Amino acid sequence: MNITRTLAALSLGLAAASISQAAEPLRIGLVLPMSGPFSSYGQNIENGVRLYLQEHGDTFAGRKVQVILKDDTGAAPEVSRRAAQELIVRDKVDILAGFAMTPGALAVAPVATEGKVPMIVMNAGTSSLPGKSPYIVRTSAAVPQYTVPLGPWAVKNGLRKVFTVVADFGPGHDAERYFTQSFTEAGGQIAGAVRVPLKNPDFGPFLQRIKDAKPDALFLFLPTGEQPVAFFKGFNERDLGKAGIKVIATGDLTAEDSIDAMGDHVLGVVTAHQYSEAHDSPENKAFTQAYYKAYPNQRPNFMAVAGYDGMHLINAALEKTKGDASAAKFMPAVRGMSFVSARGPITIDPETRDINQTIYIRKVERVAGKLQNVEFDDSLKDYKNPIKE
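The text that follows walks through the structure, step by step, so that each part is easy to find.

**Description of the overall build of the chain**
Then step 1. For the chain, the count of helices and strands is 13 helices and 15 strands.
Then step 2. Radius of gyration (C-alpha) of the chain: 22 Å, near the 21 Å computed for a compact globule of 389 residues.
Then step 3. Considered along the principal axes of its C-alpha atoms, the chain spans approximately 95 × 40 × 35 Å.
Then step 4. Across the 389 residues that make up the chain, the buried fraction comes to 56%.
Then step 5. Put simply, 67% of the contacts in the chain that link residues at least 6 apart link residues at least 24 apart.
Then step 6. Accessible surface, the chain as shown: approximately 16,100 Å² in total, 52% of it carbon and sulfur.
Then step 7. Side-chain charges in the chain split into 42 positive and 41 negative, and the spacing between the mean points of these groups amounts to 2 Å.

Next up, the structure:
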């Protein structure tokens with residue numbers, strides 16, 4: 001009889017503990033630049049996060065979702081690190097997410113490792129990033145995924161002499177390195193290379209060097225936003241296009257939230273990337289319609305999609321773990337996870353925790369009066385980060 005009572009009491013205790021665990025809110029610490037020159041990055045990612053919650057409810061696997069947003073102001077690694085530490089120690093978050101810029105993501109990686117907290121990277125693209133912590137998973141893209149394919153494409157299409165211009169920080173270095181490697185291996189020649197400051201560059205001297213080098217094309221990697229607008233204004237004023245110099249670039253250059261500000265200067269620019277607002281699929285049509293309804297004066301871009309997909313990933317993982325967000329349960333749950341995004345099918349690589357996805361070759365065209373990145377080559381399906389580090 002005593003044994004029976006003891007077992008019954010134990011069962012009741014376990015049930016109560018289970019209910020208590022289920023009732024615990026799921027705290028997600030979102031680290032994003034909400035002020036400063038890269039605030040649009042933070043706004044786009046947050047829009048995707050909030051849209052997912054709006055559409056799917058604010059409860060994942062029985063746990064109420066609380067999003068705690070911290071502003072890391074952009075490429076300020078110390079600020080990012082401090083924000084992540086506060087979120088873990090003071091706010092007791094279960095998951096870290098966001099990370100628009102590589103410097104901040106690199107600074108937070110050891111914090112996630114020490115705290116054993118899953119870290120969902122929703123934009124930062126440096127190739128080696130997932131290897132910096134066993135708790136990182138990326139839902140955006142690795143820079144080599146959309147730079148390596150452009151090299152052979154350029155040579156195949158008669159662009160054999162190319163000048164490279166990249167922003168002087170980790171992803172820019174990756175873009176320069178991996179484009180140059182794939183382009184020269186395909187038989188191309190680099191006519192010149194420059195790295196421009198991440199903040200407030202004066203493009204004038206660089207544009208003159210490009211014009212003097214007389215390349216077939218320019219390969220360009222700049223952070224989306226004000227810099228591409230300034231660059232193309234100078235490119236047009238110095239008549240580089242009239243000199244026959246074409247532009248090939250990574251797709252963030254012509255992101256939908258900034259492409260209208262560049263105007264017709266970017267017509268014909270060829271890019272490689274993982275998402276376009278013009279992507280033709282039922283999932284993207286549903287996503288873009290919902291986005292415009294939620295944010296009538298903004299256009300959805302790749303960062304919004306990565307934020308949305310990051311929340312999808314968290315929700316799906318918690319369904320598998322029955323609400324357990326501990327890294328010991330969460331990280332195995334996300335390895336190999338697949339679903340169809342607004343960008344197309346995506347998979348979290350089970351070995352690297354990076355993302356496998358279709359990379360599209362696109363051209364900027366006017367569609368129904370709107371500048372769009374029109375996809376014309378989708379042969380790179382289930383494309384992994386081609387660089388192993």
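**Description of the nonpolar core**
Then step 1. In terms of nonpolar packing, the biggest core is built from 104 residues, with Phe231 and Ile314 touching the most fellow members.
Then step 2. Examining the composition of this core, we find that 10 residues originate from one element, helix H12 (residues 302–321), more than from any other.
Then step 3. Contact partners of Ile314, with chain neighbours within four places excluded, come to Leu26, Ile28, Phe60, Ile95, Ile120 and Phe330.
Then step 4. Of all hydrophobic cores here, the second largest spans 19 residues; its members include Ile88, Val93, Ala105 and Val111.

**Here's the deal with the pairing of strand E8 (residues 189–196)**
Then step 1. Relative to E8, strand E7 (residues 161–167) is paired through 7 bridges, and the arrangement is parallel. When the sheet's bridge partners are listed, Phe163 is paired in E8 with Gly192.
Then step 2. Viewed along the sheet, the connection from E7 through helix H7 (residues 170–185) into E8 turns out right-handed.

What counts and what doesn't
Each residue is numbered by its place in its chain's sequence as written, counting from 1. Per-residue local features are limited, in this predicted model, to residues with pLDDT of at least 70; the limit for side-chain atom pairs, both in listing and counting, is 80 or more; totals at the level of whole chains, interfaces and linings are taken over all residues. To get the side-chain values, take all heavy atoms of the structure and skip hydrogens and water. Each helix is a run of H or I in the DSSP string that is no shorter than four residues. Each strand is a run of E no shorter than two, and both are numbered from the N terminus. Note on method: radius of gyration uses C-alpha positions; expected globular size equals 2.2 Å times residues raised to 0.38. Think of it in three bands: with a 1.4 Å probe and only protein chains considered, a residue is buried below 20% of the maximum accessible area for its type, exposed above 50%, and partly exposed in between. It only takes one pair of heavy atoms within 4.5 Å for two residues to be counted as in contact. Exposure was quantified through the Shrake-Rupley algorithm and a 1.4 Å probe, taking into account, for residues, occlusion by the shown protein chains and nothing else. A residue counts as positive if it is Lys or Arg and as negative if it is Asp or Glu; His and the chain ends are not included. Here the site of a charge means atom NZ of a Lys, CZ of an Arg, CG of an Asp or CD of a Glu. Each nonpolar core is a collection of buried residues, namely Ala, Val, Leu, Ile, Met, Phe, Trp, Tyr and Cys, held together in the definition by side-chain atoms within 4.5 Å. DSSP-based pairing: two strands are paired if at least 2 bridges between them are found. When the strands point away from the viewer, a crossover counts as right-handed if the path from the first strand over the helix to the second runs clockwise.

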